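Fold and contact review
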There are 2 protein chains.
Amino acid sequence: MPAKEVNPDIQKERNTATFNPREFSVLWAGGEERYKEKKTLEKMFLEDPALEDDLPVSYLSHKELYEHSLRKACIIGEKIRKLRADGEDGVDTYNALLGGSLGAAILKEGNPLTLHYVMFVPTIMGQGTMDQQVEWLSKAWDCEIIGTYAQTELGHGTFLRGLETRADYDPKTQEFVINTPSLSSYKWWPGGLGHTANHAVVVAQLYTKGVHRGLAPFIVQLRDSDTHKPMPGIDIGDIGTKLGMKSVNNGYLGLKNVRVPLNNMLMKNQQVLADGTYVAPKNSVLTYGTMMFVRCALIRDTAQSLAKASTIATRYSAVRRQSPIDPNQPEPQIMEHTTQQLKLFPQIAKAIVFKTTGDGIWNMYNVISGEIEQGNLDRLPEMHALSCCLKAICSADAAAGVETCRLSCGGHGYMDCSNFPTIYGMTTAVCTYEGENTVMLLQTARYLVKVYGQALNGEKLVPTVAYINEALTQQKFVNFDGSLESIVKAFQFVAANKTRIAYEQLELRRKQGHGTEVAANLCGTFLTAAADLHGRAFLAQTAYTELLELSRQVSPALADVLKVVLELYLVDACLNRIGDFLRFIELTDQDVTKLEVRLESCLKRLRPNAVTLVDSFDLHDRVLDSALGAYDGNVYEHIFESTKKNPLNKEPVNGSFHKYLKPFMKAHL
Amino acid sequence: MPAKEVNPDIQKERNTATFNPREFSVLWAGGEERYKEKKTLEKMFLEDPALEDDLPVSYLSHKELYEHSLRKACIIGEKIRKLRADGEDGVDTYNALLGGSLGAAILKEGNPLTLHYVMFVPTIMGQGTMDQQVEWLSKAWDCEIIGTYAQTELGHGTFLRGLETRADYDPKTQEFVINTPSLSSYKWWPGGLGHTANHAVVVAQLYTKGVHRGLAPFIVQLRDSDTHKPMPGIDIGDIGTKLGMKSVNNGYLGLKNVRVPLNNMLMKNQQVLADGTYVAPKNSVLTYGTMMFVRCALIRDTAQSLAKASTIATRYSAVRRQSPIDPNQPEPQIMEHTTQQLKLFPQIAKAIVFKTTGDGIWNMYNVISGEIEQGNLDRLPEMHALSCCLKAICSADAAAGVETCRLSCGGHGYMDCSNFPTIYGMTTAVCTYEGENTVMLLQTARYLVKVYGQALNGEKLVPTVAYINEALTQQKFVNFDGSLESIVKAFQFVAANKTRIAYEQLELRRKQGHGTEVAANLCGTFLTAAADLHGRAFLAQTAYTELLELSRQVSPALADVLKVVLELYLVDACLNRIGDFLRFIELTDQDVTKLEVRLESCLKRLRPNAVTLVDSFDLHDRVLDSALGAYDGNVYEHIFESTKKNPLNKEPVNGSFHKYLKPFMKAHL
């Protein structure tokens, strides 16, 4: 924190908070030990002057940004080496360093080495045989080779079976010949692929003995290890500037008759023998595991985005004064405006609920993947369905929430020095990668209509959809008394009815003679709506259970705050889907007004603790990197300081005046 | 259009369209004459090689971008001079050249000279006396001086009375002494202020004879006309990088005892005499006129944004193939997916409805401002209320619509070569400037609750709120038969009820002892919700009236398409506010399902004409500037071409490899 005095408006907020922020900070970090580890890592990385920027990266050209980022990425890599040598490189460390918290404080537009650590190394670990791991892993861990993971193609994304890149086995030389036979089959998007990695796992359609065998992963050397020049047959480069993640060095890759040895195919799950005999994988569901793993992690990332954005906007709203409420008084802190509270506080609540849900589903994932390893696949479909819709909902809500926070800061939110544009770029990307959101919702819906049919047949469903059994026994929902429990129950009743409608529409189209798939496409909007409500019902249930449980474990002062957060979250969530509630539950105009008045009351109750609550997310000023959101609240001073770094302001008169403007202005004289 | 062959998937769409796109293009342009003018301007500006970019501007640094943009701005300025000399510089020409169509094709991130033309010159015309106009206007028109308009301050925006910059009249020297007494009073945001303009209209608190007189505009010279160096007492620069409008050269300005002659205060409305005597303005409502004018213009801009974004996404969706619907068939054009149609087609419909509404309200503005000039202010509050909420709704919907279109293109929409990031940056800015959206809605709501009270007292209301009179006579809405007319009527009934609730809540708080302003703040969310529905009811009514009227004037083939657009717009708008409909109108679950099925049917009916409909927005490839949205549909080729321009790809190995990466990789060896 800067030595400067703290802005009195924000200090006042801290003085009047009713709880101790450190208590929540420790909870948020995951316990006392993790809290301390976090502080140690911050010290190690944020006090190294080599990792500080004199010039905000938004002033750099694309090429300068890459060079700047690679330099820092190598310093981070060196420090990771050291942590690893000391045995201190746990999963949390990689998450912090390569993700949106500490990582973003150092490389806010992303790290070109991230995919090496989070995809290349884990793929070798997960899909390589023991021999292959011996051959490749230590080189990869030591960064003697830098890799990436090349799957998506220019013309092919979500539908993996559509990939065109092919690997033909040549038994004569015991090599695979890899080709991207068309422009649309160029590998596209892998991080670090442009100019950084010299190896990649390339996913291709495998052909042996002239027969198509499905997809397989191959380790391909892309660049010479000394000169870094592209290897023969490799057409490679950076895909260009983007909305966000600007220094990830996303690349493209064309392969023309690139030959790799037999042993470069990762063979843990499937094998090709020297003569070209193909041995199919025993179990294809295992790949679901990785996808679920990633999606569960993404849910936590969305919480982090909301925490950042709501911290910046809430602090700004404590300092910014505008538009008198009482004309006889000076302009108030804008956080006094109820409309402003409605923008900010639901985002704070969502950050907390998404984090709690992310942690919960993480535990659930661990339990279920343990079961899967024991050969018990019972809960796999349920878990898959849940992780899909939660990924979609949390990413969409987080991206919208970040924008709501930005807009709540007026024009100043539009400046890069607010950091909102970068946070948005990071957050909205999650809507697309690791399974496009609409596709995700359709996956969940496919599961929901299936189990709905089972429930109609009297089957008892697994826990996360058991509410469908319950709803089928109710003609209507009669117990809506406005209690939090009844809001949760109502969410489930509504979700069950959305699935009912999707199911009925699907049946109707089938009866009209459409095949199942065509019928599903026709009903697409019914299906996605059902999946959306399923996820929201789960979020409501989790928020209710987990936050109440948490309240029992903490001090009464913090418990009171958490209960307001819970109520705010549930009432706001309900009002945001009030059309669905009114459709399936008998509520009057007055009932709705009551909920709206209650929302207003939640906002008012959270107001005194809003700044302290975001403080207790404990986001370092460097992580926030925002003139609007610094801990000291000296917003205007920080904004003004940022203009001093602007290269345009280093000279009083820009050269273009003499070159272009003056001749133009004097032209007619 | 490029000579290359058109992508067969998109050609097929054009071959099977049921209407002639040129007919709609002419309508969209505003008639045959304007259509031709548009083509002439495009020829003049887009065929000049000096205005083409070899390198997409997203690859430039902030400083390079400014210099690049100023060069082009001067060329445009020179051409404007010529058009002006030929008497061909009508309002449409300035709109096209400085706005989001032709202007964006040349300077996609904005023109640093725009504010000179659209604010500096008009302010002198509107607020200068005849003598002052003689003195300043020809210099300004000739660009002998370049000006901007400096009103907003670092700490003060919407609430103009809060501005801190002050001008003290010194009768001894007959000068004003202008000061920004604090950091928060620095002028902030004016376009071109950073390094381009050498003059500005500075809005300041006027003091004469030690008495505060309110705000007044002063012409201040900022930079020396020969050297361009800042004048004494002037602290000036560029505010830095932003989410969008990156080459507008938004600036900051501090003034320290800057003296300007008496005659530099623009005195058409109020005067200061040589001895410091102050003559107050006769009529303060006149300033409403300019604000309304700008807001009406913004509504059309939002239509243009949606037209661009929906053109790009629709063309892409005709070419991109993904995810089989029928597993026995190849991957279909993604436009076949109903969920994709639901993303695209409502944006096309909104583009058309917002354009129609923008034109309509433009005419209304002209009628009413004619009345105002005759001294008849009757319709001013109504018009003000309407322009405020429409500005807020159209900008928010357009920004969200652009993002929906971007996300509908998956990862490729995230690349700058799609042009979505720039279009979004332009569009979302409208939510904040010229009256922040929430403030706008509150202005409308203030009017609505006022007239609601009048209606309760039996007064007959003016046309745009007459539906409130009608609703007061109805206990409930009984005639919802699903016809388009009944959807429009229902929208009005719902809007009236939202205003009723805001009014009741306001009264309740007053009865609880709160003053009107405090009560209004407490009810903020009820008020903004009422204003939102008022605007949406107006949009529904306008869409219904205007599109049906238009349908009668065009060919039957085009009329059929317009009717589908209308139905799609209304059903979608209704479903988006279905919570409000269910709250005030007795609708069953089945009624809602019926509307949802109908939406699906609208999508299906628009599907065959979707590409041709966006074609007929007639947006030049340079205006779209999108690898995804080019007329020829060669998406992958255009994306790939764009990577060839990337400066990072000009060398096979980036210098940073030798400098950073290689030492890092070899460190442990």
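If you're wondering where the values come from, they're calculated on a predicted model, not measured in any experiment.

Quick notes on the rules
- Residues numbered from 1 in each chain as written.
- Chains lettered and ligands numbered in written order.
- Predicted model: local features only at pLDDT ≥ 70, side-chain atom pairs only at ≥ 80, totals over all residues.
- Heavy atoms only, no water.
- Helix = DSSP H or I, 4+ residues; strand = E, 2+ residues; numbered from the N terminus.
- Contact = heavy atoms within 4.5 Å.
- Areas by Shrake-Rupley, 256 points an atom, 1.4 Å probe, with all protein chains shown as cover.
- Lys, Arg positive; Asp, Glu negative; His and termini not counted.
- Charge placed at Lys NZ, Arg CZ, Asp CG, Glu CD.
- Buried area = accessible area lost by both parts, 1.4 Å probe.
- Salt bridge = Lys/Arg side-chain N within 4 Å of Asp/Glu carboxyl O.
- Polar contact = N/O pair within 3.5 Å; in protein donor to acceptor, adjacent residues only side chain to side chain.
- Least-squares fit on C-alpha atoms with pLDDT ≥ 70 in both.
- Domains from an automatic or database assignment.
- Buried < 20%, exposed > 50% of the residue type's maximum accessible area, 1.4 Å probe, protein only.
- UniProt positions renumbered as here; feature names shortened; annotations may be inferred.
- Phe/Tyr/Trp six-rings, centres within 6.5 Å; stacked < 30°, edge-to-face > 60°.
- Expected span 1.5 Å × (residues − 1).
- Pairing = 2+ DSSP bridges.
- Axes fitted to C-alpha atoms, helices over the stretch in contact; angles between N-to-C directions.
- Parallel < 35°, antiparallel > 145°, perpendicular 65-115°, else oblique.
- Nonpolar A, V, L, I, M, F, W, Y, C, P; charged D, E, K, R; others polar.
- pLDDT = per-residue confidence, 0-100.
- Disulfide = S-S within 2.5 Å.

**Quick word on the overall build of chain A**
- In terms of regular secondary structure, chain A is built from 24 helices and 11 strands.
- Each principal axis of the C-alpha atoms in chain A carries an extent, and together these give about 90 × 80 × 65 Å.
- Pairs at least 24 residues apart make up 72% of the contacts formed inside chain A by residues separated by at least 6 positions.
- About 24,900 Å² of surface is accessible on chain A, with carbon and sulfur atoms providing 53% of the total.
- Charge-centre separation for chain A: the mean point of 71 positive side chains lies 3 Å from the mean point of 76 negative side chains.

**What about the interface of chain B and chain A?**
- On the side of chain A, 143 residues touch chain B, which itself brings 143 residues to the contact.
- Across the chain B/chain A interface, buried area totals approximately 11,700 Å², and carbon plus sulfur atoms make up 61% of it.
- Contact with chain A buries surface across chain B, with B:Tyr414, B:Arg583 and B:Phe664 losing the most and accounting together for 7% of the total.
- Linking chain B to chain A there are 16 salt bridges.
- At the surface where chain B touches chain A, the tally comes to 61 residue pairs in polar contact (both at pLDDT 80 or more).

**Side note on the relation of the copies chain B and chain A**
- With an RMSD of 0.0 Å, the fit of chain B onto chain A corresponds to turning through 180 degrees and sliding 0.0 Å along the axis. Expressed as an axis order, the relation between the two copies is that of a two-fold axis.
- An overlap of 100% is found between the interface residues of chain B and their copies at the interface of chain A, pointing to a shared contact surface.

**Considerations on the domain arrangement of chain A**
- Here the domain parsing of chain A yields domain 1 (31-111), domain 2 (144-281) and domain 3 (448-607).
- Using only C-alpha atoms to locate each centre, domain 1 of chain A and domain 3 of chain A end up separated by 40 Å.

**A short note on unusual backbone geometry**
Residues and elements named next belong to chain B.
- Residue histidine 228 is not a glycine yet carries a positive backbone phi of 70 degrees.
- Of the residues examined, histidine 228 reaches a relative accessible area of 0% and is grouped as buried.
- You will see that methionine 245, though not glycine, has its phi angle at about 50 degrees, which is positive.
- Inspection of the secondary structure puts methionine 245 in the loop between strand 7 (234-238) and strand 8 (251-255).

**Some details on the side chain of B:Arg500**
- Within the secondary structure, B:Arg500 is located in helix 15 (residues 484-511).
- The class for B:Arg500 is buried, based on a relative accessible area of 18%.
- A distance of 2.9 Å separates polar atoms of two side chains, one belonging to B:Arg500 and the other to B:Asn497.
- Those residues within four positions of B:Arg500 in sequence are excluded, and the remaining contacts are A:Asp589, B:Tyr452 and B:Phe584.

**A look at the pattern of salt bridges**
All names here are of chain B.
- According to the stated counting rule, one finds 88 salt bridges over all chains in the structure shown.
- Taking the shortest distance from any N to any O, the salt bridge between glutamate 507 and arginine 510 comes out at 2.3 Å. Of the two residues, glutamate 507 and arginine 510 both sit in helix 15, three residues apart, roughly one turn of that helix.

**Section: the UniProt feature "binding site: FAD" (unreviewed entry) in chain A**
Residues and elements named next belong to chain A.
- As recorded in UniProt, the sites labelled "binding site: FAD" (unreviewed entry) are Thr152 and Gly191. In terms of the greatest pairwise C-alpha distance, the residues named above, spread along 40 residues, form a tight cluster of at most 11.3 Å across.
- Within the secondary structure layout, threonine 152 lies in the loop between strand 1 (147-150) and strand 2 (166-170).
- Beyond its immediate stretch of four places on either side in the chain, threonine 152 contacts Gly157, Tyr186, Lys187, Trp188 and Trp189.

**Observations concerning the packing of aromatic side chains**
- One pass over the full model with this rule turns up 39 aromatic pairs over all chains.
- Seen in terms of ring centroids, B:Tyr94 and B:Tyr117 are 6.0 Å apart; in terms of plane orientation they differ by 40 degrees. Their pairing is tilted. One end of the pair, B:Tyr94, is in helix 5 (residues 91-98); the other, B:Tyr117, is in helix 7 (residues 114-127), with 23 residues separating them in the sequence. Neither residue differs from the other here; B:Tyr94 and B:Tyr117 are each classed as buried.
- Between B:Tyr186 and B:Tyr252, the ring centres sit 6.2 Å apart and the planes meet at 40 degrees, which makes this aromatic pair tilted. Here the residue B:Tyr186 occupies a position in the loop between strand 3 (175-179) and strand 4 (187-188), and B:Tyr252 occupies one in strand 8, the gap between them amounting to 66 residues. Taken individually, B:Tyr186 and B:Tyr252 each receive the classification buried, so the pair is uniform in this respect.
- Among the aromatic residues, those joined into a ring-pair cluster are A:Tyr186, A:Trp188, A:Tyr252 and B:Phe640.

**Considerations on helix 13 (residues 437-456) of chain B**
All names here are of chain B.
- The terminal C-alpha atoms of helix 13, which comprises 20 residues, lie 28 Å apart, in line with the 28 Å expected from a rise of 1.5 Å per residue.
- Most of helix 13 sits out of view: 14 of its 20 residues are buried.
- Its side-chain oxygen placed 3.0 Å from the backbone nitrogen of threonine 438, glutamate 436 serves as the N-cap of helix 13.
- Downstream of helix 13 by a residue or two, glycine 458 has a phi angle that is positive, lying close to 85 degrees.

**Overview of the pairing of strand 3 of chain B**
Residues and elements named next belong to chain B.
- Counting buried residues along strand 3, four of its five residues qualify, which places the element largely inside the surrounding structure.
- Direction of pairing for strand 2 (residues 166-170) relative to strand 3: antiparallel, over a ladder of five bridges. Of the residues in strand 3, the one forming a bridge with aspartate 170 is glutamate 175.
- Hairpin remark: strand 2 followed by strand 3, antiparallel, with four residues in the connecting loop; positive phi at glutamine 174, about 55 degrees.
- Pairing of strand 3 with strand 9 (residues 258-261) involves four bridges; the strand directions are antiparallel. What sits directly across from valine 177, in strand 9, is arginine 259.

**Considerations on the sheet that holds strand 4 of chain B**
All names here are of chain B.
- Taken in spatial order, the three strands of this open sheet run 4-8-7, and their pairing is antiparallel. A strand with exactly one partner marks an edge of an open sheet, and here the two such strands are strand 4 and strand 7.
- As paired elements, strand 4 and strand 8 share two bridges and run antiparallel to each other. Among the inter-strand pairings, lysine 187 is bridged to a residue of strand 8, identified as leucine 253.

**Focus: the side chain of B:Gln205**
Residues and elements named next belong to chain B.
- The topology assignment puts glutamine 205 in strand 5 (residues 199-208).
- Overall, the relative accessible area of 5% leaves glutamine 205 in the buried class.
- Within the structure, glutamine 205 has its side chain in polar contact with the backbone oxygen of leucine 163 (distance 2.8 Å).
- In this structure the side chain of glutamine 205 is engaged in a polar contact, spanning 2.7 Å, whose partner is the side chain of histidine 212.
- Among residues more than four places away in sequence, those in contact with glutamine 205 are Leu160, Arg161, Gly162, Leu163, Thr165, Arg166, Ala167, His212, Gly214 and Leu215.

**Details of the sheet that holds strand 4 (residues 187-188) of chain A**
- A sheet is described by the order of its strands in space; here three strands give the open sequence 4-8-7 (chain A), paired in antiparallel fashion. Two strands bound the open sheet, and with one partner strand each, they are strand 4 and strand 7 (234-238) of chain A.

**Structural notes on helix 5 (residues 91-98) of chain A**
- A:Thr93, A:Tyr94, A:Ala96, A:Leu97 and A:Leu98 are the residues of helix 5 of chain A that are buried.
- Taken together, the buried residues of helix 5 of chain A touch helix 3 (32-46), helix 4 (62-85), helix 6 (102-106), helix 7 (114-127) and helix 8 (130-141) of chain A.

**Examining the UniProt feature "domain: Acyl-CoA oxidase/dehydrogenase middle" (unreviewed entry) in chain A**
- UniProt records the feature "domain: Acyl-CoA oxidase/dehydrogenase middle" (unreviewed entry) for residues 149-258 of chain A in the present numbering.
- Regarding residues 149-258 of chain A, the helix share stands at 0% and the strand share at 42%, and the terminal C-alpha atoms are separated by 17 Å.

**Observations concerning the packing of helix 13 of chain B against helix 17 (residues 524-553) of chain B**
Residues and elements named next belong to chain B.
- Contact pair helix 13 / helix 17: the axes reach a minimum separation of 8 Å and the direction vectors enclose 85 degrees. On the basis of their axis angle, the class for helix 13 and helix 17 is roughly perpendicular. Contacts between helix 13 and helix 17 pair Thr438, Leu441, Leu442, Thr444, Ala445, Leu448 and Val449 from the former with Gly524, Leu527, Thr528, Ala530, Ala531, Asp532 and His534 from the latter.
- Of the residues that constitute the contact of helix 13 with helix 17, the class distribution is eight nonpolar, five polar and one charged.

**Quick word on the environment of A:Gly358**
Residues and elements named next belong to chain A.
- Topologically, glycine 358 is positioned in helix 10 (residues 338-373).
- Spatially, the C-alpha atoms of glycine 358 and leucine 41 are 23 Å apart, while their sequence positions differ by 317 residues.
- In this view, glycine 358 contacts Ile299 and Arg300; residues no more than four positions away in its chain are not counted.

**A word on the confidence of the model for chain A**
- With 99% of its residues at a pLDDT of at least 70, chain A reaches an overall mean of 95.
- Scored as a complex, the prediction yields pTM 0.98 and ipTM 0.97.

**Thoughts on the state of the cysteines**
Residue and element names in this part refer to chain A.
- Summed over the entire model, instances satisfying the criterion amount to zero disulfides over all chains.
- Cysteine cysteine 409 shares no disulfide, and the gap to the nearest cysteine sulfur, in cysteine 405, comes to 7.3 Å.
- Of the residues examined, cysteine 409 reaches a relative accessible area of 3% and is grouped as buried.

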